[in-house]
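The lines below spell out each chain.
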Amino acid sequence: MENCIFCKIINQEIPSYKIYEDEDVYAFLDIGQATPGHTLLIPKTHVTDIFSYDHALAEKTFARLPKIARAIEAAFPEIEGLNIVNNNKELAYQTVFHSHVHLIPRYTKEDDFSMHFGNHIGQQTTEELTEMAEKIAKQVK
Ligand code: AMP
Ligand code: ZN
């Protein structure tokens, strides 16, 4: 897609630190390096975010994650963990609108990555949670 920075990287119109490429995906270093080895995996097909994947594209793209994760682990045996993050839409911190998955190696609790999961356990009734689950379940197609 024109004017998409990640499409330009795939087409080698702008440089990147390539890690892996096949007919479906491209993996390269994130220029921001939240932690050393921070990598992005992108589908070669331009899709904006998770809501735009069809089943086949999702299979092709997300199936590559373990391969890249294992490569990072082998390259940095000292890592203690790996966060896999996919931001969708601006409110959820997406800044590049060609869907991508972050693989962020974790070294220590003090490295430069963190995530906050609010914990609201006990704040909804069983009925409310059942209703919520059913509401989503009805939409699964
Ligand atoms: P997000 O905020 O989830 O949309 O992530 C976009 C990521 O793309 C950020 O972590 C940026 O550091 C990274 N990024 C932006 N431009 C480039 C580029 N030219 N090469 C590599 N990574 C990039
Ligand atoms: Zn694109």
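Structure: above.
For clarity, every value in this text was computed on a predicted model and none was experimentally measured. (Residues numbered from 1 in each chain as written. Chains lettered and ligands numbered in written order. Predicted model: local features only at pLDDT ≥ 70, side-chain atom pairs only at ≥ 80, totals over all residues. Heavy atoms only, no water.)

Draft legend 1. View of the packing of aromatic side chains. What the rule picks out here adds up to 4 aromatic pairs. Arranged with centres 5.3 Å apart and planes meeting at 80°, the rings of F6 and F28 form a pair that is edge-to-face. Of this pair, F6 sits in helix α1 (residues 5-10) while F28 sits in strand β2 (residues 25-29), and the two are 22 residues apart along the sequence. Take F6: its relative accessible area is 7%, and that puts it in the buried class. The exposure class assigned to F28 is buried, which follows from its relative accessible area of 3%. Look at F76 and Y107: their rings are 6.4 Å apart centre to centre, the planes differ by 90°, and that puts the pair in the edge-to-face class. Taken as a pair, F76 in the loop between α3 (65-75) and β4 (81-85) and Y107 in the loop between β5 (101-106) and α4 (126-137) lie far apart in primary sequence, 31 residues in all. (Phe/Tyr/Trp six-rings, centres within 6.5 Å; stacked < 30°, edge-to-face > 60°. Helix = DSSP H or I, 4+ residues; strand = E, 2+ residues; numbered from the N terminus. Buried < 20%, exposed > 50% of the residue type's maximum accessible area, 1.4 Å probe, protein only.)

Draft legend 2. Quick peek at the nonpolar core. Of all hydrophobic cores here, the largest spans 11 residues; its members are V25, A27, L41, L65, I68, A69, I72, I79, V101, L103 and Y107. Elements supplying a minimum of two residues to this core: β2, α3 and β5. For this core, the element with the most residues is α3, which contributes 4 residues. Discounting chain neighbours no more than four positions away, the residues touching V25 are Y20, L41, I42, P43, K44, K60, T61 and R64. Ranked by size, the runner-up nonpolar core spans 10 residues in total, among them C4, C7, I10 and Y26. (Core = buried A, V, L, I, M, F, W, Y, C linked by side-chain atoms within 4.5 Å. Contact = heavy atoms within 4.5 Å.)

Draft legend 3. Spatial organisation of the site of ligand 1. Inspection of the region around ligand 1 gives 16 residues, with D30, N87, Y93, T95 and H102 positioned closest. Side-chain polar atom of H102 to an oxygen atom of ligand 1: 2.8 Å apart, as the coordinates give it. Surface burial for ligand 1 is 81%, taken as the share of its 500 Å² of free accessible area covered by protein chains. Contributing elements (two or more residues each) for the shell around ligand 1: α1 and β2. With 3 residues, the single largest contributor to the shell around ligand 1 is α1. Grouping the amino acids of the shell around ligand 1 by side-chain chemistry returns 9 nonpolar, 6 polar and 1 charged. (Near = heavy atom within 4 Å. Polar contact = N/O pair within 3.5 Å; in protein donor to acceptor, adjacent residues only side chain to side chain. Areas by Shrake-Rupley, 256 points an atom, 1.4 Å probe, with all protein chains shown as cover. Nonpolar A, V, L, I, M, F, W, Y, C, P; charged D, E, K, R; others polar.)

Draft legend 4. Structural view of a negative patch on the surface. Among the surface-exposed residues, E127, E128, E131 and E134 lie close enough to one another that they form a single negatively charged patch. Here E131 shows up in helix α4. Here E131 falls in the exposed class, since its relative accessible area comes to 59%. (Patch = residues over 30% accessible without salt bridge, like charges linked within 9 Å, V, L, I, M, F, W, Y side chains within 5 Å. Salt bridge = Lys/Arg side-chain N within 4 Å of Asp/Glu carboxyl O. Lys, Arg positive; Asp, Glu negative; His and termini not counted. Charge placed at Lys NZ, Arg CZ, Asp CG, Glu CD.)

Draft legend 5. Summary view of the pairing of strand β3 (residues 39-43). Counting buried positions along β3 yields 5 of 5 residues, so the element is predominantly enclosed. With burial as the criterion, each face of β3 is covered, one bearing T39, L41 and P43 and the other bearing L40 and I42. As paired strands, β2 and β3 are joined by 5 bridges and run antiparallel to one another. Paired with A27 across the bridge in β3 is L41. (Pairing = 2+ DSSP bridges.)

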